[in-house]
Amino acid sequence: MTKVGVIGAGKWGSALAFALSEKCEVYITSRTPRDMKNFVSLDEILKLEYIVIAIPAQQVSSWLRENFKYNDHKILVAAKGIEASTGRFLNEIYEEYVPDDNIAFLSGPSFATEVMKSLPTALVVNSKNEELSQKFASFFPSFIKTYTSTDVAGAEVAGAYKNVIAIAAGICEGLNLGKNAAASLISRGLVEMQRFGKEYGAKEESFVGLSGAGDLFLTASSTMSRNFRVGLGIAEGKSKEQIVEELGEVAEGIGTTYALYKIAQEKDLYLPIAREVYNMLEGLDPHVSLSNFLAN
Ligand SMILES: NC(=O)C1=CN([C@@H]2O[C@H](COP(=O)(O)OP(=O)(O)OC[C@H]3O[C@@H](n4cnc5c(N)ncnc54)[C@H](O)[C@@H]3O)[C@@H](O)[C@H]2O)C=CC1
Ligand SMILES: O=C(CO)COP(=O)(O)O
């Protein structure tokens, strides 16, 4: 059995450790010790060749700087997001540490709680190195169907952007705007992320597949999504600080909204949904935001 190390024992890291253990010998670590099967130190994980990293996008840059020493590892990045402070994608953050050929990015609709129950799921492993994608894909269990793609940019943009649209969808639901509005928001959200992705050379097909439409439909239509619940909180008039505290888990859409706002300013891009989510995270009344959105 191939040995695989998982870094980050949050919801997604734990679910992936569980799923991968059907076909691999899996070890897991986290910054705080956990009472979990095969929980080992980071040093032990870094001795392994195959590593899955499930540290959130906003924390990964400092984590890599302080903890990571590259030693020919093959890395699968499981996070979804864009760094708020710099507007960097995960592949840009990791490229300082890991060669392109040794890194892959996971995407697709996949709530950790359903993976934990072994419910049927489909995922995409994305890498410039097709052989590496195939290798990581082969580690997944029988209840997960894996696809591979070389469109790293498409997977990154779709995985990050859908969290922002999920926040908007939660707001839409919380304000009782109706199914017409929800459907329009999801389909225009898909167009917005696809247009944004084009700037980075992302392939259109990734947005109509699992990484784009698949993950967007999942997170923008369910209270199981943390990002969707952020939107519900905004509709209730809560501040983002209060929402984050109550959530107790990561909602990548918040940081990604700030990243998109920064990128849109720098590149003069038209990202109307992301812009209004930004305005509401900054405290604009959702009803005023909606009027602005409908008028522009
Ligand atoms: N939960 C889910 O269903 C899915 C989550 N993801 C993505 O996976 C990533 C992780 O999400 P979850 O595990 O759900 O979040 P979580 O909130 O359950 O756990 C976050 C994990 O990151 C670790 N962490 C946070 N800051 C850290 C730091 N500075 N240094 C080291 N470790 C740190 C925490 O200790 C914890 O283990 C996110 O990017 C999320 O979007 C992707 C697909 C599904
Ligand atoms: O990315 C996810 C499912 O694919 C998880 O979404 P949330 O972080 O919004 O819960």
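Residues numbered from 1 in each chain as written. Chains lettered and ligands numbered in written order. Predicted model: local features only at pLDDT ≥ 70, side-chain atom pairs only at ≥ 80, totals over all residues. Heavy atoms only, no water.

On to the pattern of salt bridges, then. Scanning all chains against the criterion turns up 15 salt bridges. When the shortest N-O distance is used, the salt bridge between Lys240 and Glu241 registers 3.7 Å. In this structure Lys240 comes out as partly exposed when scored by relative accessible area, which is 21%. Under the relative-accessibility criterion, Glu241 is labelled exposed at 53%. The residue Arg275 makes a salt bridge to Glu276 at a minimum N-O spacing of 3.1 Å. (Salt bridge = Lys/Arg side-chain N within 4 Å of Asp/Glu carboxyl O. Buried < 20%, exposed > 50% of the residue type's maximum accessible area, 1.4 Å probe, protein only.)

Taking the numbering used here, the UniProt-annotated feature "binding site: NAD(+)" (unreviewed entry) corresponds to Gly8, Ala9, Gly10, Lys11, Trp12, Gly13, Ala112 and Arg226. Given a relative accessible area of 10%, Gly8 falls into the buried group. Filtering out sequence-adjacent residues up to four positions away, Gly8 remains in contact with Gly13, Ser14, Ile28, Thr29, Ser30 and Ala54. Tracing the sequence through the fold places Lys11 in helix H1 (residues 11–20). In this structure Lys11 comes out as partly exposed when scored by relative accessible area, which is 39%. Setting aside residues no more than four positions away along its own chain, Lys11 makes contact with Ala112, Thr113, Arg226 and Glu249. (UniProt positions renumbered as here; feature names shortened; annotations may be inferred. Contact = heavy atoms within 4.5 Å. Helix = DSSP H or I, 4+ residues; strand = E, 2+ residues; numbered from the N terminus.)

On to H1. Each α-helix turn comprises 3.6 residues. Residues three or four places apart therefore point the same way. Counting buried positions along H1 gives eight out of 10 residues, so the element sits mostly inside the fold. Every buried residue of H1 is listed here: Trp12, Gly13, Ser14, Ala15, Leu16, Ala17, Ala19 and Leu20. Buried positions along H1 lie against strand E1 (3–7), strand E2 (25–29), strand E3 (50–53), strand E5 (103–107), helix H5 (112–116) and strand E7 (144–149).

What follows is about the site of ligand 2. Close to ligand 2 lie 13 residues; Lys162, Asp215, Ser225, Arg226 and Asn227 are nearest. In the environment of ligand 2, an oxygen atom lies 3.5 Å from a nitrogen or oxygen atom belonging to the backbone of Gly108. Within the side chain of Asn227, one N or O atom sits 2.8 Å away from an oxygen atom of ligand 2. Considered on its own, ligand 2 offers 300 Å² of accessible surface; in the complex 91% of this is hidden by protein. (Near = heavy atom within 4 Å. Polar contact = N/O pair within 3.5 Å; in protein donor to acceptor, adjacent residues only side chain to side chain. Areas by Shrake-Rupley, 256 points an atom, 1.4 Å probe, with all protein chains shown as cover.)

Our focus in this paragraph is the packing of aromatic side chains. Throughout the structure, instances matching the rule amount to 11 aromatic pairs. Arranged with centres 6.4 Å apart and planes meeting at 70 degrees, the rings of Phe89 and Phe196 form a pair that is edge-to-face. Here Phe196 lies in helix H8 (residues 179–198) and Phe89 lies in the loop between strand E4 (74–77) and helix H4 (90–94), a separation of 107 residues in the sequence. Residue Phe89 shares its accessibility class with Phe196, and that shared class is buried. Ring centres of Tyr161 and Phe196 lie 5.5 Å apart, and the angle between their planes is 65 degrees; on these two criteria the pair is classed as edge-to-face. Here the residue Tyr161 occupies a position in helix H7 (residues 152–174), and Phe196 occupies one in helix H8, the gap between them amounting to 35 residues. Each member of the pair, Tyr161 together with Phe196, is buried. A network of ring pairs unites the aromatic residues Phe89, Tyr161, Phe196 and Tyr200 as a single cluster. (Phe/Tyr/Trp six-rings, centres within 6.5 Å; stacked < 30°, edge-to-face > 60°.)

Inspection of the region around ligand 1 gives 23 residues, with Gly10, Lys11, Trp12, Ala112 and Glu252 positioned closest. Here an oxygen atom of ligand 1 and a backbone polar atom of Gly10 are 2.9 Å apart. A distance of 3.0 Å is found between an oxygen atom of ligand 1 and a side-chain nitrogen or oxygen belonging to Arg226. Protein burial of ligand 1: of its 830 Å² of free accessible surface, 86% is covered by the chains. Contributing elements (two or more residues each) for the shell around ligand 1: H1 and helix H3 (57–67). Residue composition of the shell around ligand 1, grouped by class: 11 nonpolar, five polar and seven charged. Both domain 1 (3–150) and domain 2 (153–295) contribute no fewer than three residues apiece to the shell around ligand 1. (Nonpolar A, V, L, I, M, F, W, Y, C, P; charged D, E, K, R; others polar. Domains from an automatic or database assignment.)

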